[in-house]
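Inside the fold
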Amino acid sequence: MNAPYDGDRGQGSGGSASGDGHPYAGSHGADGQVPPPQSAPDAYPQDAYLQDAYDQDPYRAHDLAAQDPVTEALYDRAAHPPPPPGTYQAPQPLYAPPPTNQYQPDPRVWAQTPAPEPEGPTQYLPYGDDARTTQFVGVDDLVTQAGEERHEPDAFAHLFRDQQPGYSGGRAPVEPPVDDPTRVLGQIPPPPPPAAAPAPAPKTGGRAAGLLKSSAVMAAGTLVSRLTGFIRTVIITAALGSGLLGDTWTVAYTLPTMIYILTVGGGLNSVFVPQLVRSMKEDEDGGEAYANRLLTLVMVALAAIVALVVFAAPLLIKLMSVPVASDPAANNVGITFARYCLPTIFFMGVHVVMGQILNARGKFGAMMWTPVLNNIVMIFTFGLFIWVYGTAADSGMQVTNIPPDGVRLLGIGTLLGLTVQALAMIPYLRETGFRFRLRFDWKGHGLGKAVKLAKWTVLFVLANQAGVLVVTQLATAAGKASDVNGTGIMGYSNAQLIWGMPQAIITVSVMAAMLPRISRAAHDGDPGAVRDDISSGLRTSAVAIVPVAFMFVALGVPMCTLLFGSSGAGAAQSMGYILMAFGLGLIPFSVQYVVLRGFYAYEDTRTPFYNTVIVAAVNAAASALCYVILPARWAVVGMAFSYGLAYAIGVGVAWQRLRKRLGGDLDGANVVRTYARLCLAALPAAIIGGGIGYALTEVLGHGVFGSIAALVVGGAALLGAFYVAARKMRIEELNSMVGMVRGRLGR
């Protein structure tokens, strides 16, 4: 055993252990003596309070090895010589202080020089913000992104990184051995390419954003369809006039739509949408087989119906209008028109079923855009008729002198338009992956349940069309008894077409996009979600429906004069009065449509039937009263007002029933308050706009120029006054709509 080495005696504690692992071996001087103790470098020389705090350490000069003689006796100095002199490295500080900002506040300086203004994207940020981590958000972004769902990153994702594909644990790739066959010419083969990162999930908008997008697509298609439909109606009125010939065409053209709605149309529009949604969720094939069975069943049923009604065309004309059937010339023309138009029932049904399949798959645009093709074909057909025979005002075309070739031209063009409309749906279906196959295995696949549900819907439309039938009979009789054109069923239909445009563009588009979602909420047993969606649909559509309803009252005559002036000034003015009578009825009509969607979501078709019976009964009774009391010229005006009155009564009944169905809460206070405030804002606006329009028509005349001036100036004044009043009243729904529009426009 070696003797202790006296050269270690007196080593300070500030010495460092040698690299061989002995805890007490330190540096030595040239003569083998221990150098005098030296203070360790201060790790925080800049701190005046800690500087020289530990220089007077009484234990620093103690030899710790002297306290343990056994360790000194066992330590082999020869095997572990001390390091040569001058090789000792001073210890480095473990933690360096952060760099000092030259522009940080200094309490010793009274007026400190401010930091220079940053450049680039940070020049408008507060001091210290980083443009790379700062998101610029304006008011428009807040409004448009309010409904979007934002998924925060998972705070515990790093715990599962070893389960992610391509994770190597931070280890470097191992070089293969020399004899590995993968080595080629002494080179290591390149490492395999890293696994491709998973594609980012598509951005999913929130409930409001998805509804807005779907409604915007549908509203755009409906708007174009309605505009082309206006052009079609104007050309038809110019070609056939608004007298008995025009009424005869209207009866024959309305007949297929009425029969279609009475047979299968009502069930297809409302009952089968929840069934298609359920089959998509529960069936293994995504509901494709169910959709094929439904489409096959509808095609077979409609083919049989078309064969039957074409044969019974004379009886149907008499059922629709006794005044037309009692006139031999009008009856012959009406039967010919009807036999060309009735086959369109088949293509109506095919188009609706295809559209509902697309709606259930989240594709809403095709059903609203394809009717544009039908309108284009009919515009071309009646334009060709005018090009050959001239307008009704110029040629004096009547039921007694219309040529058979002209009747054939109009009939073929009408049938061709609906055919093109239905066939145009096929590419959209193929795009979604749907393939049509005839399926006759109808039994045991849920169609029986849908047919039972559709039973009440058929009764619903039967009651509705019964009221339409009464109005058609009374309106044609009043038009034939009146000496003024435009006071019959054609004037009623033209005014109703204009009146229903806001309903089709706004309310129908919003609820068509919302109905599948309401159906899912009802299927999941969530009445709160159903209530919220219905309340949202009512209040959102009211922002546009209410001012437009008052606009019809204020500017109905200039609208009809501009659109139907080719049929004569007196006829156009009569249609304007009918439109004014329809005006305010648009509000309960829109509310009724939204409320009934709540019953359809629960597959309750019995309640809408009872409600429609009430509406149809009130409408028929009030229309008959107007026909008896009012003069022939004003009878149809009273019938138009009765239409809105009937729906106002129906809304009260339907609202109470749906409120009980949803547990006694339908957000009624909020909805009523919104409608009341909108009406209060629209009333003075209508007075201002109507007064300006009336003054301009008196000065400029009731021609095209005067009507355009009245519509433009009066309409702008009405909308401007309504907007100012609604903003002063702080109507929340109007502010939200304005914000969304501004956000979409990027302003």
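Residues numbered from 1 in each chain as written. Predicted model: local features only at pLDDT ≥ 70, side-chain atom pairs only at ≥ 80, totals over all residues. Heavy atoms only, no water.

1. Considerations on the overall build of the protein
Just so we agree on the cut-off: Secondary structure counts use DSSP, requiring at least four H or I residues in a row for a helix and at least two E residues in a row for a strand, with both numbered from the N terminus. Three labels apply to residues, based on accessible area from a 1.4 Å probe with only protein chains included: buried if under 20% of the type maximum, exposed if over 50%, partly exposed otherwise in between. What makes two residues a contact is simply this: any of their non-hydrogen atoms within 4.5 Å. Under the convention used here, a 1.4 Å probe and the Shrake-Rupley method define accessible areas, while residue burial counts only the protein chains that appear.
Along the backbone of the protein there are 25 helices and zero strands. The buried share among the 747 residues of the protein stands at 43%. Of the contacts formed within the protein by residues at least 6 apart in sequence, a portion of 80% connects residues at least 24 apart. As displayed, the protein has an accessible area near 39,200 Å², and 63% of this comes from carbon and sulfur atoms.

2. Some words on helix H22 (residues 632-661)
Our working rule: Each residue after the first adds 1.5 Å to the expected span of a helix.
Across its 30 residues, H22 extends 44 Å between first and last C-alpha, which sits within 8% of the 44 Å expected from 1.5 Å per residue. Backbone geometry just downstream of H22 places Gly663 in the positive-phi region, at approximately 85°.

3. Some remarks on unusual backbone geometry
Notably, Asp667 is not glycine yet its phi reads approximately 55°, a positive angle. One non-glycine residue with positive phi stands out, namely Arg730, at about 55°. Along the chain, Arg730 falls in the loop between helix H24 (704-728) and helix H25 (732-745). Relative accessible area serves as the criterion here: at 68%, Arg730 is assigned to the exposed category.

4. Describing the packing of aromatic side chains
Formally: Side-chain rings of Phe, Tyr and Trp (the six-membered ring for Trp) are treated as a pair once their centres are within 6.5 Å; stacked means planes under 30 degrees apart, edge-to-face means over 60, and tilted covers the remaining angles. Remark: a charge is flagged as sitting over a ring if the NZ atom of Lys or the CZ atom of Arg is within 6 Å of the ring centre and within 35 degrees of the ring normal.
Tallied over the full model, the rule gives 14 aromatic pairs. Ring centres 5.0 Å apart and planes at 40° place the aromatic pair Trp499 and Phe589 in the tilted group. With Trp499 in helix H17 (residues 489-523) and Phe589 in helix H20 (residues 586-601), this pair connects stretches of sequence that are 90 residues apart. Across the pair, exposure class does not vary: Trp499 and Phe589 are buried alike. An aromatic cluster is present here, built from Tyr492, Trp499, Phe582, Phe589, Tyr643 and Tyr647 joined pairwise through their rings. Residue placement shows Arg597 over the ring face of Tyr593; its charged tip is 4.0 Å from the ring centre.

5. Some words on the pattern of salt bridges
Our working definition: Basic side-chain nitrogens of Lys or Arg form a salt bridge, by our definition, when they fall within 4 Å of a carboxyl oxygen of Asp or Glu.
According to the stated counting rule, one finds three salt bridges in the structure shown. One salt bridge connects Arg408 with Asp405, and the closest N-O pair in it is separated by 2.7 Å. Of this pair, Arg408 and Asp405 both sit in helix H14 (residues 404-423), three residues apart, which is roughly one turn of the helix.

6. Some thoughts on the environment of Gly365
Tracing the backbone shows Gly365 in the loop between helix H10 (344-360) and helix H11 (366-369). Between the alpha carbons of Gly365 and Ala220 there is a distance of 8.6 Å; along the sequence they are 145 residues apart.

7. Focus on the packing of helix H6 (residues 288-311) against helix H7 (residues 313-320)
Our working definition: Helix axes are fitted to C-alpha atoms over the stretch in contact, other axes to C-alpha atoms as well, and angles between N-to-C directions run from 0 to 180 degrees. Angles are sorted into four bins: roughly parallel if under 35 degrees, roughly antiparallel if over 145, roughly perpendicular if 65 to 115, and oblique for all others. For this classification, the nonpolar set comprises Ala, Val, Leu, Ile, Met, Phe, Trp, Tyr, Cys and Pro, the charged set comprises Asp, Glu, Lys and Arg, and every other residue, Gly included, is treated as polar.
For the pair H6 and H7, the least separation of the axes is 5 Å and the interaxial angle reads 75°. When the axis of H6 is compared with that of H7, the two are roughly perpendicular. The residues of H7 that touch H6, namely those facing Val309, Val310 and Phe311, are Ala313, Pro314 and Leu316. Residue classes in the contact of H6 with H7 are distributed as six nonpolar, no polar and no charged.

8. Here's the deal with the side chain of Thr381
For Thr381, the location among the structural elements is in helix H12 (residues 371-389). Given the relative accessible area of 6%, Thr381 is considered buried. If near-sequence neighbours (up to four positions away) are discounted, Thr381 is found in contact with Leu409, Leu410 and Gly413.

9. Thoughts on the confidence of the model for the protein
Defined as follows: A score between 0 and 100, pLDDT records how confident the predictor is in each residue.
Counting all residues, the mean pLDDT for the protein is 75, and 66% of those residues have values of 70 or more. Scored below 50 in pLDDT, residues 121-150 makes 35 contacts in the model with residues more than four places away or belonging to other chains. Within the model, pLDDT remains below 50 along residues 180-188, and this stretch shows 10 contacts once partners closer than five positions in the same chain are excluded.

10. Section: the environment of Leu683
Residue placement: Leu683 occurs in helix H23 (residues 668-700). For Leu683, a relative accessible area of 45% translates into the label partly exposed. In this structure, the C-alpha to C-alpha distance between Leu683 and Phe550, residues 133 residues apart in sequence, is 7.1 Å.

11. Structural notes on a nonpolar patch on the surface
Inclusion rule: Nonpolar side chains (Val, Leu, Ile, Met, Phe, Trp, Tyr) within 5 Å and like charges within 9 Å form the patches, drawn only from residues with over 30% relative accessible area and no salt bridge.
Among the surface-exposed residues, Leu625, Tyr627, Val628, Ile629, Leu630 and Trp634 lie close enough to one another that they form a single nonpolar patch of about 590 Å² accessible area. Among the structural elements, Leu625 can be located in helix H21 (residues 606-629). Given the relative accessible area of 49%, Leu625 is considered partly exposed.

12. Observations regarding the side chain of Thr228
The test is simple: Polar contact criterion, stated in full: a pair of N or O atoms within 3.5 Å, where within protein one must be able to donate a hydrogen and the other to accept it, and residues adjacent in sequence count only if both atoms are side-chain atoms.
Position of Thr228 among the secondary structure elements: in helix H3 (residues 207-240). A polar atom in the side chain of Thr228 sits 2.8 Å from the side chain of Asn375.

13. Digging into the packing of H21 against H22
Here is the rule we go by: Less than a right angle of anticlockwise turn of the near helix away from the far helix marks a crossing as left-handed, whereas a clockwise turn marks it as right-handed.
Contact geometry for H21 and H22: axes closest at 8 Å, N-to-C directions at 155°. By the angle between their axes, H21 is roughly antiparallel relative to H22. Considering how the two elements wind past one another, H21 and H22 form a crossing that is right-handed. Within the contact between the two elements, H21 uses Thr607, Asn611, Ile614, Val615, Val618, Asn619, Ala622, Ser623, Cys626 and Tyr627 and H22 uses Ala635, Gly638, Met639, Ser642, Tyr643, Ala646, Tyr647, Ile649, Gly650, Val653, Ala654 and Arg657.

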